[in-house]
Amino acid sequence: EVTNILEGKIEKNYTLTNNKTYLLKGNVYVSNNAILTIEPGTIIRGDEESCGTLIITKGSKIIANGTKINPIIFTSNKESVSRKAGDWGGLIILGDSNVNKIGGLSFLDLGLDRSLSIYGGNNTESNSGILNYVRIEYAGRKLIKQEKEHNGLSLAGVGNKTILNNIQISYSNDDSFEFYGGNVTVENLISFRATDDDFDFTQGVQATIKNSIAIRYP
């Protein structure tokens, strides 16, 4: 059961501990160069009504360093028997690496605060943190007004000092992994039963992908 609610902005270093369960309510921005640390075994649930979404803004970091035995889990806030693809938003990481857009900058048009959703730059070695042994489930909420969907994990302008290993995305209502530009090395990715693309690339992505698999159904 949820014990703590996350909403609005996280503007200073903050740690999510595995003895609590968190609810993402609305767009939650890690901003002001803050670092969000998530302990192994922590569960974060996304709210359906408010389209709970976690956004790591440009200059900030996420340190989600789970383990094989204790992964970090982002999932739906619904009861397990009623969960479905698109129950909540997803996880978005915005960096300052290169993107193929005029002026070298862009923003994600996913119902976000435009001033907090800018990404891009010329720092290919930028570091947005760590995702390791992380599961993201039932994300990809549809935005009715924009007629668009969130992805399980959106990586926008992310640089190659960011560690992205051992990530499984299941039941995404759009893409599992979407890369908007950037320069990344990723390893051991699993896309399971996405309704759209398993791996989507746009805006001049420079990526090295090792040992990844997509499992389609039906």
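These numbers were taken from a predicted model, which means no experiment stands behind them.

(A) Geometry of the nonpolar core. By size, the foremost hydrophobic cluster in this structure holds 37 residues, and its most contacted members are Leu54, Phe74, Leu131 and Leu153. Residues contacting Phe74, with those up to four places away along its chain left out, are Ile38, Ile44, Leu54, Trp88, Leu91, Val134, Arg135, Ile136 and Glu137. The next biggest cluster of nonpolar side chains, apart from the first, holds 14 residues, and it includes Ile55, Ile92, Leu110 and Tyr119.

(B) Expanded view of the layout of surface pockets. Computed from the structure, the largest pocket encloses a volume of approximately 200 Å³. Forming the walls of the largest pocket are 13 residues, and the residues nearest its centre are Leu108, Asp109, Leu110, Lys148 and Tyr180. Of all elements in the fold, only strand E12 (106–107), strand E16 (148–149) and strand E19 (177–180) reach the threshold of two or more residues within the lining of the largest pocket. The class makeup of the residues in the lining of the largest pocket is five nonpolar, three polar and five charged. By volume, the second largest pocket amounts to about 170 Å³. Contributing to the lining of the second largest pocket are 13 residues, with Asn166, Ile167, Gln168, Asn188 and Ile190 lying nearest its centre. Where the lining of the second largest pocket is concerned, the elements lending two or more residues are strand E14 (129–137), strand E18 (163–170) and strand E20 (183–192).

(C) Molecular detail of the pairing of strand E10 (residues 72–76). With five of its five residues buried, E10 lies for the most part within the structure. Where strand E7 (residues 43–46) meets E10, four bridges bridge the pair, whose relative direction is parallel. Across the sheet, residue Ile44 finds its bridge partner in E10, namely Phe74. Relative to E14, E10 is paired through three bridges, and the arrangement is parallel. Among the inter-strand pairings, Ile72 is bridged to a residue of E14, identified as Val134.

(D) Molecular detail of the environment of Arg216. Within the secondary structure, Arg216 sits in the segment after strand E23 (213–215). The spacing of Arg216 and Asp196 is 20 residues in sequence and 9.8 Å in space, taken between C-alpha atoms. Every residue in contact with Arg216, bar those within four places of it in the chain, is listed here: Ala194, Thr195, Asp196, Asp197 and Asp198. Of note is the side chain of Arg216, whose polar atom sits 3.5 Å from the backbone oxygen of Ala194. Polar side-chain contacts of Arg216 include one of 2.9 Å to the side chain of Asp198.

(E) Quick peek at the sheet that holds strand E21 (residues 199–202). Reading across the sheet, the seven strands line up as E2-E5-E8-E11-E17-E19-E21 and stay open at both edges, with parallel pairing between neighbours. Each edge of the open sheet carries a strand with a single partner, namely strand E2 (9–10) and E21. With four bridges connecting them, strand E5 (residues 27–30) and strand E8 (residues 53–56) associate as parallel partners. Residue pairing for E8: Tyr29 is matched across the bridge by Ile55.

(F) Spatial organisation of the side chain of Glu178. Mapped onto the secondary structure, Glu178 falls in strand E19. Buried charge Glu178 goes without a salt bridge, the closest partner of opposite sign being Lys148 at 9.7 Å. Excluding residues within four positions of it along the chain, Glu178 makes contact with Asn151, Leu153, Ser154, Leu155, Asp200 and Thr202.

Calculation notes
All residue numbers refer to position in the chain's written sequence, counted from 1. Reporting in this predicted model follows two pLDDT cut-offs: at least 70 for local features of residues, and 80 or more for side-chain atom pairs to be given and counted; totals over whole chains, interfaces and linings ignore these cut-offs and use all residues. Excluded from the side-chain calculation are hydrogens and water; included are all heavy atoms of the structure. Nonpolar cores are built from buried Ala, Val, Leu, Ile, Met, Phe, Trp, Tyr and Cys residues. Side-chain atoms within 4.5 Å join them into one set. A simple rule labels every residue: compare its accessible area, found with a 1.4 Å probe on the protein chains alone, to the largest value its type can have, and call it buried under 20%, exposed over 50%, or partly exposed in between. Any two residues having at least one pair of non-hydrogen atoms within 4.5 Å are treated as being in contact. Cavities and pockets are defined on a 1 Å grid built over the protein atoms alone: a cavity is a set of grid points where a 1.4 Å probe fits but cannot escape, while a pocket is an open set with protein on both sides within 12 Å along at least five of seven lines, and lining residues are those with an atom within 4 Å of any such point. Grid points are joined across faces, edges and corners, and a volume is the space filled by probe spheres set on the points. The secondary structure listing takes helices from DSSP runs of H or I that are at least 4 residues long and strands from runs of E that are at least 2 residues long, numbered from the N terminus. Classification convention: Asp, Glu, Lys, Arg as charged; Ala, Val, Leu, Ile, Met, Phe, Trp, Tyr, Cys, Pro as nonpolar; all other residues, Gly among them, as polar. Any two strands with at least two DSSP bridges between them are considered paired. Throughout this description, a polar contact denotes any pair of N or O atoms lying within 3.5 Å of each other; where both atoms belong to protein, one of them has to be capable of donating a hydrogen while the other can accept it, and for residues adjacent in sequence the pair is counted only when both atoms sit in side chains. Counted as positive: Lys and Arg. Counted as negative: Asp and Glu, with His and the chain ends omitted from the count. A carboxyl oxygen of Asp or Glu within 4 Å of a side-chain nitrogen of Lys or Arg is what we treat as a salt bridge.

All quantities given are derived from atomic positions and should not be read as evidence of function.
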